[in-house]
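Listed below, chain by chain, are the residues.
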Amino acid sequence: MSDTDSVRKGRVYDPDVEHAFPDERLNEVLETVENDAEIQAYLDAQNVNPVTRKRYNDHGSKHISIVRNRALCLYDLLKAGGVTFNGAGDQGLAEADESVIIALAATLHDIGHVVHRTDHPYYSIPLAADVLDRLLPDFGWYDVEERVRLKGEVLHAILCHHTAEMPLSLEAGVVRVSDALDMEHGRSRRPYEQGGRGINTVSSQAIREVTLRAGDDVPVVVEIEMTDAAGVYQVDTLLKAKLTDSGLEDDVRIVAVTTREPDERLVERVEL
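The rules we used
Residues numbered from 1 in each chain as written. Predicted model: local features only at pLDDT ≥ 70, side-chain atom pairs only at ≥ 80, totals over all residues. Heavy atoms only, no water. pLDDT = per-residue confidence, 0-100. Contact = heavy atoms within 4.5 Å. Helix = DSSP H or I, 4+ residues; strand = E, 2+ residues; numbered from the N terminus. Buried < 20%, exposed > 50% of the residue type's maximum accessible area, 1.4 Å probe, protein only. Phe/Tyr/Trp six-rings, centres within 6.5 Å; stacked < 30°, edge-to-face > 60°. 1 Å grid on protein atoms, 1.4 Å probe; cavity = no way out; pocket = protein on both sides within 12 Å on 5 of 7 lines; lining within 4 Å. Points joined across faces, edges and corners; volume = space filled by probe spheres on them. Nonpolar A, V, L, I, M, F, W, Y, C, P; charged D, E, K, R; others polar. Core = buried A, V, L, I, M, F, W, Y, C linked by side-chain atoms within 4.5 Å. Salt bridge = Lys/Arg side-chain N within 4 Å of Asp/Glu carboxyl O. Pairing = 2+ DSSP bridges. Axes fitted to C-alpha atoms, helices over the stretch in contact; angles between N-to-C directions.

## Here we look at the confidence of the model for the protein
At step 1: Here the protein shows a mean pLDDT of 86. Residues at 70 or above account for 83%.
At step 2: Under a pLDDT of 50 for its full length, residues 190-197 has, in the predicted model, 17 contacts with residues more than four places off or in other chains.
At step 3: Below a pLDDT of 50 lies the segment residues 266-272, which in the model reaches seven contacts outside its immediate sequence neighbourhood of four places, other chains included.

Rendered as structure tokens:
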């Protein structure tokens, strides 16, 4: 797939194209994040517990890149579809801060994995707070009060990517849903090759491609191509669960299609 096709299909956020929202702040934040040594170290280190030790799906830098890209593409489609966001607005922040909240939360939502896979969203909160306290003063457009309010919204979105907590802002809802949009087979390649046959790993292997596009009667359609019925777990149990109570239920439609090849089989025999 060419870079142009990737952008067109809603898979990669491109700072150089026109968006349905003001993007100057976002683009500066993204450049800073990509060059921040501490953040990049977290994104690598946070993969050890879930993948190396538990043979779970990827939660490292690749996962973060995919989630952040899809969160920003999802946000762009929602804005183009006329959806009004409330996180930044409720705090008296600018419209331009909506995408900043989404990008920072998507970047930092999984760093709690450096502590443990279990309950990682709650460990992510203090670690992300420390990073934000260091990072936000470098952006000259925020005063002390605005930094506090922005940090609160980012931490809220980080916490609510976990289905146990209900998002109270649509920015948090975007991050929550986008976390589940990283489901294609590449995410589970390492644990699958290492012998991992948990339902998350096997079901991810069945997902060929995920695309986002504008819908005819809803702002966003998520199209999922599966090669095996095992992929239903990713779609129904994970993505549907995260869409539920996200605040975006009426704005996002999920369409899953099975296009199985005759010789594709994920599991030959299972004994319980």
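## Thoughts on unusual backbone geometry
Trans is the prevailing form of peptide bonds, just as negative phi is the prevailing case for residues other than glycine.
At step 1: Here the phi dihedral of Asp119 falls at roughly 60 degrees; this positive angle occurs in a residue that is not glycine.
At step 2: Relative to the elements of secondary structure, Asp119 occurs in the loop between helix H7 (96-108) and helix H8 (120-135).
At step 3: Notably, Asp245 is not glycine yet its phi reads approximately 65 degrees, a positive angle.
At step 4: Looking at where Asp245 falls in the secondary structure, it is placed in the loop between helix H13 (232-243) and strand S3 (252-258).
At step 5: Classification of Asp245 by relative accessible area gives partly exposed; the value is 38%.

## Let's talk about the packing of aromatic side chains
At step 1: Scanning the model with the defined rule gives four aromatic pairs in all.
At step 2: Relative to Tyr75, the ring of Phe21 lies with its centre 4.8 Å away and its plane at 55 degrees, an arrangement referred to as tilted. Of this pair, Phe21 sits in the loop between helix H1 (3-8) and helix H2 (24-34) while Tyr75 sits in helix H5 (residues 61-80); the two residues are 54 residues apart in sequence, bridging distant segments of the chain. Per residue, the accessibility class of Phe21 equals that of Tyr75, and both read buried.
At step 3: Geometrically, the ring pair formed by Phe139 and Trp141 is stacked, given 5.3 Å between the ring centres and 20 degrees between the ring planes.
At step 4: Accessibility expressed as a relative area gives 2% for Phe139, which makes it buried.
At step 5: Site record: aromatic cluster; members linked through ring pairs are Phe21, Tyr75 and Phe85.

## Considering the layout of surface pockets
At step 1: Computed from the structure, the largest pocket encloses a volume of approximately 410 Å³.
At step 2: Mapped onto the lining of the largest pocket, the elements with two or more residues apiece are H8, helix H10 (170-181) and H13.
At step 3: Sorting elements by how many residues they give to the lining of the largest pocket places H13 first, with five residues.
At step 4: For the lining of the largest pocket, the per-class residue count stands at five nonpolar, eleven polar and seven charged.

## Details of the environment of Pro22
At step 1: Relative to the assigned elements, Pro22 resides in the loop between H1 and H2.
At step 2: Relative accessible area serves as the criterion here: at 28%, Pro22 is assigned to the partly exposed category.
At step 3: Put simply, Pro22 and Asp97 are 75 residues apart on the chain and 8.8 Å apart in space, counted from C-alpha to C-alpha.
At step 4: Beyond its immediate sequence surroundings of up to four residues, Pro22 is in contact with Glu95, Ala96 and Ser99.

## Quick look at the nonpolar core
At step 1: If you look at the biggest cluster of nonpolar residues, it comprises 64 residues, and the most contacted ones within it are Leu78, Leu104, Val222 and Ile224.
At step 2: Ranked by residue count, the leading element in this core is H5, at eight residues.
At step 3: Not counting chain neighbours up to four residues away, the residues in contact with Val222 comprise Leu181, Val210, Thr211, Leu212, Leu239, Val252, Arg253, Ile254 and Val255.

## Side note on the pattern of salt bridges
At step 1: Under the defined criterion, the tally for this structure stands at twelve salt bridges.
At step 2: Measuring nitrogen to oxygen at the nearest pair gives 2.9 Å for the salt bridge that ties Arg134 to Asp36. Residue Arg134 is located in helix H8, and its partner Asp36 is located in the loop between H2 and helix H3 (37-45); the two are separated by 98 residues in the primary sequence.
At step 3: Taking relative accessible area as the criterion, Arg134 reaches 35% and is therefore assigned partly exposed.
At step 4: For Lys242, the salt bridge identified is with Asp179, shortest N-O distance 2.5 Å.

## Overview of the sheet that holds strand S2 (residues 220-226)
At step 1: Taken in spatial order, the three strands line up as S1-S2-S3 in an open sheet, and their pairing is mixed. The sheet is open, and its two edges are formed by strand S1 (207-213) and S3, each paired on a single side. On average, adjacent strands in this sheet sit at an angle of 15 degrees to one another, irrespective of strand direction.
At step 2: Across seven bridges, S2 lies against S3 in parallel orientation. Directly across from Glu225, in S3, lies its bridge partner Val257.

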